[in-house]
Amino acid sequence: MSIRTNQLKKKDVAEKATSGKSVKSKSRKKNSSAKKRSLFGFLRNEKFQRISGFFLILLAFYLLLAFVSYLINWFTGGSDDLFTVIPFRDLLFDDSLIAHNWGGRMGAALSGVFIKKWFGASAVLFCLFFFAWGFKLLFRKAALPVGTTFRWSFVAILWLSVAFALIFKNSELNILGGIFGYEVNNYLDGFIGPPGTIFLLIFVLFGFLIINFNFNFRRKKKDATPDDGADDPDPSAKRSNSPKEDIYNTVEFSVTEDENIEKNDDPPGFTDDVTDESKTDPEPEKEAPSDNNPESNIELTIEDTKPEKIAKEGSKEHFTIDTEYDPRLDLGHYKYPTLDLLDDYGSSGVSVEKEELESNKDRIVKTLSNYNIQIDKIKATIGPTVTLYEIIPAPGVRISKIKNLEDDIALSLSAMGIRIIAPIPGKGTIGIEVPNRKSDIVSMKSILSSERFQNSKFELPFGIGKTISNESYVADLTKMPHILMAGATGQGKSVGLNAILASLLYKKHPAELKFILVDPKKVELTLFSKIERHFLAKLPDSEEAIITDTRKVVRTLNSMGIEMDLRYELLKDAQVRNIKEYNAKFIKRKLNPEQGHRYLPYLVLVVDEFADLIMTAGKEIETPLTRLAQLARAVGIHLIIATQRPSVNIITGTIKANFPARFAYRVISKIDSRTILDTGGADQLIGRGDMLLSTGSELVRLQCAFVDTHEIDRLTDFIGSQRAYPHAMHLPEYMDKEIDGTEDFDPNDRDELFEEAARIIVQTQQGSTSLLQRKLKLGYNRAGRIIDQLEAAGIVGPFEGSKAREVKIGDEMSLEQFLKDLDSRNE
């Protein structure tokens, strides 16, 4: 026994030593790669690439002129072959050398090298490649595919050089093949003869065409035969007839794993014993199952399923027809974030061991058998946090009897967070969710890199996490259309908000989406202030894009109500029903901007701590919020609200009725769970991002994706460092009557800056509060009072939502006369 212990210790020491060496080597590799990035970082600089592209285009035209001139001079007897052997210093400084080439001495030298010494007339194709490469670098779009152009040009240069040398071998035009073609042709003539050379050229030509154009001379099979090796669509059907099951009538226990299960040598669907001892020891004689130990007869069947596909990350380019309006052109060079800004977390595969699955299965079967509940089958689906055991009870077993054993099963498994789903909708089975001993972290990078997200056609796609079956959950915010997110402190609500925001930032252009961020805690959403001029919207008088003051929240919600009404007016004039139809019509230039029509971006209001707002403002918050939730969906305004106090006085019935999509993280009591979901279950979650998603008729358990603060920091830095709009999107002005209440105009009570403000308004012909703030350096309250006085005096018109007030006086002379008349009436 001691010898075995010493061997294990030595093995552990060796493993630690090797792991330490690997860590050091990895750190050295990272340092060297970082140095390389710093040395060659200028190659990724946009300005350097544009300059290089312009240079390559000019070089292509210069070489084309030089090559054409060289060939013309050759045929007319004015060859410049001398310049191919002259030293480079003489080419630069010896003015006595005169070249007939249009490109001068350098053009003659380059032409002699490319055409005579190398590839002959086919060297002209170098000009095509340089032009395609330069065009791509300069204009960020390819006139010709650069890779394809290079591949075709390279093959064509070599092939044409040899072909020209073969055709014009004994002719004065042998320069068309170049010395390269001449030497290769001489070698082939001696090796396979002229006919062999011709056949080889034909073979290379057809081979190249087959590879690039996929010529197929075989007849395609229309129908697959039963023996073509296709995968069995239902391997479990074969297992149901196994002799073991017929003899012993055991319970089938199948494990479904969706990502990188531990590999063995057995093919999918192969039935074998669980333990490794069965591989060395002879299989013992099996006994008939007894009624006392039904769980001992359950055999483990592993089903291998295909892992979730990871889509290749590529550049997102937007192409439109010239006659269509493109809202992205204002930021035409905007670059979408790349996945390398995010980190990988968790292991590469499922961390649940077979022994754990077998143990949980035995305990579940034993607990049920203690209450005389018999089951026919068990199937386990392994997720990142919990494993779902689906059981099919024997005929005659009541579902409610199993449901009432929730606490007994949790006691037997010694685990928290046991949840029983009786029955699972659409499956006809009963589900028992059991937390894994070792949970796996779901990284945001794995969600955004999935094929499900990358190829999504949703209007506002976002990824929130992974299901129990390890599939990325991607949804469309426009279909939800509002989200209520609740859970106890520290259970993952803020991480969930960051996951939704990051998903939308990865998919949408700044012209298509704007966020209104409300953060009463003042620390959760501050990192997004870096993208203020790209993705944020705010009130015109607001200095900060992240709203933290309760009074500004009230004004913002009312301002969004005004924006909603204005958008409905635009939809009515355009005779469409929703924002998607309206924008499609505007892009096709069927709506006139001079009539007030404009491209409408989606607006997403995000509130991080709703309970604090309700406690502070109450109905002032709830009333405009409810109005937005009821009506704003069709005009592209969506709400995401999070709270850590899911009580009935915070989440009222009116709010719940208008938020069909609800994200529930772990809560303390069943009452809080029913407040959020109208059912229990959230109190049985295990925390750390474990959540339930309700969309009305469906309840899905997810493991929320983890995105850390430094990842959001890198993401916002990447976006914020790019060219942006002059300012954040301005919401319509809203005058809070309690603060900026309008009173009847009294000439004796005019502000001392009244006349100066009137002159500014008339000069600019813009009746705007924010204009007075900037020009006179006033606060919003005082500027608002001056605007009210100007309205009462008749200088500007009434408030018209997002439009500037009408200026009723056309020029300064009329204004001066108006002010004199006003003063005379006052006297």
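Residues numbered from 1 in each chain as written. Predicted model: local features only at pLDDT ≥ 70, side-chain atom pairs only at ≥ 80, totals over all residues. Heavy atoms only, no water.

## Remarks on the overall build of the protein
The criterion, for reference: By definition, any uninterrupted DSSP run of H or I lasting at least four residues is a helix, any uninterrupted run of E lasting at least two residues is a strand, and each is numbered from the N terminus. We call a residue buried when its accessible area falls under 20% of the maximum for its residue type, exposed when it is over 50%, and partly exposed in between, using a 1.4 Å probe and counting protein chains only. The contact rule is simple, with two residues in contact once any of their heavy atoms fall within 4.5 Å. What sets the accessible areas is the Shrake-Rupley method with a 1.4 Å probe; for residues, cover comes only from the shown protein chains.
Along the backbone of the protein there are 29 helices and 17 strands. Taken across its 827 residues, the protein has 45% of its residues classed as buried. Considering only contacts in the protein between residues 6 or more positions apart, those separated by 24 or more positions represent 69%. Summed over its atoms, the accessible surface of the protein is roughly 45000 Å², and 54% of this surface lies on carbon and sulfur atoms.

## Regarding the packing of aromatic side chains
We count it as follows: Any two of the Phe, Tyr and Trp rings considered here, Trp counted by its six-membered ring, make a pair once their centres fall within 6.5 Å; the pair's planes then place it as stacked at under 30 degrees, edge-to-face at over 60, or tilted in between.
Per the stated rule, a full pass over the model turns up 22 aromatic pairs. Between Phe61 and Phe131, the ring centres sit 5.9 Å apart and the planes meet at 80°, which makes this aromatic pair edge-to-face. Within this pair, whereas Phe61 is found in helix 2 (residues 46-76), its partner Phe131 is found in helix 5 (residues 125-139), the two being separated by 70 residues in sequence. Phe61 sits in the partly exposed class, given a relative accessible area of 48%. Judged by its relative accessible area of 28%, Phe131 is partly exposed. Between Tyr334 and Phe535, the ring centres sit 6.3 Å apart and the planes meet at 70°, which makes this aromatic pair edge-to-face. Of this pair, Tyr334 sits in the loop between strand 2 (299-304) and helix 11 (354-370) while Phe535 is found in helix 17 (residues 532-535), placing the two residues 201 residues apart along the sequence. Per residue, the accessibility class of Tyr334 equals that of Phe535, and both read buried.

## Here's the deal with the sheet that holds strand 9 (residues 483-486)
We apply this condition: Whether two strands pair comes down to DSSP finding at least two bridges between them. To get an axis, fit a line to the C-alpha atoms, keeping to the stretch in contact for a helix; angles then go from 0 to 180 degrees between the N-to-C directions.
Read from one edge to the other, the open sheet built from nine strands follows the order 8-7-16-15-14-9-13-12-10, with strand pairing classed as mixed. Every other strand in the sheet has two partners, leaving strand 8 (472-476) and strand 10 (513-518) as the edge strands with one partner each. The sheet shows a mean angle of 30° between the axes of neighbouring strands, direction not considered. In the packing of helix 16 (residues 493-507) onto the sheet, the strands contacted are strand 7 (461-467), strand 9, strand 10, strand 12 (602-607), strand 13 (637-643), strand 14 (661-665) and strand 16 (699-704), and the crossing angle to strand 7 comes to about 130°.

## Some words on the nonpolar core
Applicable threshold: Put simply, buried Ala, Val, Leu, Ile, Met, Phe, Trp, Tyr and Cys residues joined by side-chain atoms within 4.5 Å make one nonpolar core.
Counting 111 residues, the largest nonpolar core has Phe462, Ile464, Ile483, Phe515 and Phe663 as the members making the most contacts within it. Apart from the residues lying within four places of it in its own chain, the contact partners of Ile483 are Phe462, Leu477, Ile500, Leu639, Ile640, Ile641, Phe659, Ala661 and Phe663. Of all hydrophobic cores here, the second largest spans 23 residues; its members include Phe754, Leu771, Ile787 and Val807.

## Some thoughts on the environment of Gly496
Secondary-structure assignment places Gly496 in helix 16. Accessibility expressed as a relative area gives 0% for Gly496, which makes it buried. With 146 residues separating them along the chain, Gly496 and Ala642 place their C-alpha atoms 9.5 Å apart. Not counting chain neighbours up to four residues away, the residues in contact with Gly496 comprise Ile464, Met485, Tyr665 and Cys704.

## What to know about the environment of Lys117
With respect to the secondary-structure elements, Lys117 resides in helix 4 (residues 104-119). Separated by 64 residues in the primary sequence, Lys117 and Gly181 place their C-alpha atoms 9.5 Å from one another.

## Describing the pattern of salt bridges
This is how the line gets drawn: The term salt bridge refers to a pairing of a side-chain nitrogen on Lys or Arg with a carboxyl oxygen on Asp or Glu at a separation within 4 Å.
Counted under the stated rule, the structure contains 34 salt bridges. Lys361 serves as the salt-bridge partner of Asp362, at 3.0 Å between the closest nitrogen and oxygen. Given a relative accessible area of 23%, Asp362 falls into the partly exposed group. Note that Glu752 and Arg782 form a salt bridge whose closest N and O atoms lie 3.4 Å from each other. Linking Glu752 in the loop between helix 25 (737-740) and helix 26 (754-764) with Arg782 in helix 28 (residues 780-793), this pair joins segments that are 30 residues apart in sequence. Accessibility expressed as a relative area gives 25% for Arg782, which makes it partly exposed. What emerges from the salt-bridge pattern is a single network uniting Arg419, Glu433, Asp690 and Arg701.

## A look at the pairing of strand 12
Taking burial as the measure, the six residues of strand 12 include six buried ones, the bulk of the element. Side-chain alternation along strand 12 places Tyr602, Val604 and Val606 on one buried face and Leu603, Leu605 and Val607 on a second face that is also buried. Both strand 10 and strand 12 contribute to a ladder of six bridges, which runs parallel. Bridge assignment links Ile516 to a residue of strand 12, and that residue is Leu605.

## Remarks on a nonpolar patch on the surface
Note the threshold: Patch definition: residues above 30% relative accessible area lacking any salt bridge, with like charges linked at up to 9 Å and the nonpolar side chains Val, Leu, Ile, Met, Phe, Trp and Tyr linked at up to 5 Å.
A cluster of nonpolar side chains, namely Phe61, Leu64, Leu65, Val68, Ile72 and Trp102, defines an oily patch on the protein surface of about 570 Å² accessible area. With a relative accessible area of 33%, Leu64 lands in the partly exposed category.

## So, the confidence of the model for the protein
Our working rule: Values of pLDDT, the confidence the predictor places in each residue, fall between 0 and 100.
The predicted model of the protein has a mean per-residue pLDDT of 78, with 76% of residues at 70 or higher. Within the model, pLDDT remains below 50 along residues 254-291, and this stretch shows 64 contacts once partners closer than five positions in the same chain are excluded. Here residues 738-743 is modelled with pLDDT under 50, and outside its nearest four sequence neighbours on either side it reaches 11 contacts, counting other chains as well.

## As for the side chain of Arg662
Short version of the rule: Two N or O atoms form a polar contact when they lie within 3.5 Å of each other; inside protein one atom must be a possible hydrogen donor and the other a possible acceptor, and for residues adjacent in sequence the pair counts only when both atoms belong to side chains.
Residue placement: Arg662 occurs in strand 14. Given a relative accessible area of 9%, Arg662 falls into the buried group. Polar contacts involving the side chain of Arg662 include one to the main-chain carbonyl oxygen of Ile676, which spans 3.1 Å. Apart from residues lying up to four places away in sequence, Arg662 is in contact with Leu484, Lys656, Ile676, Leu677, Asp678, Leu692, Leu693 and Ser694.

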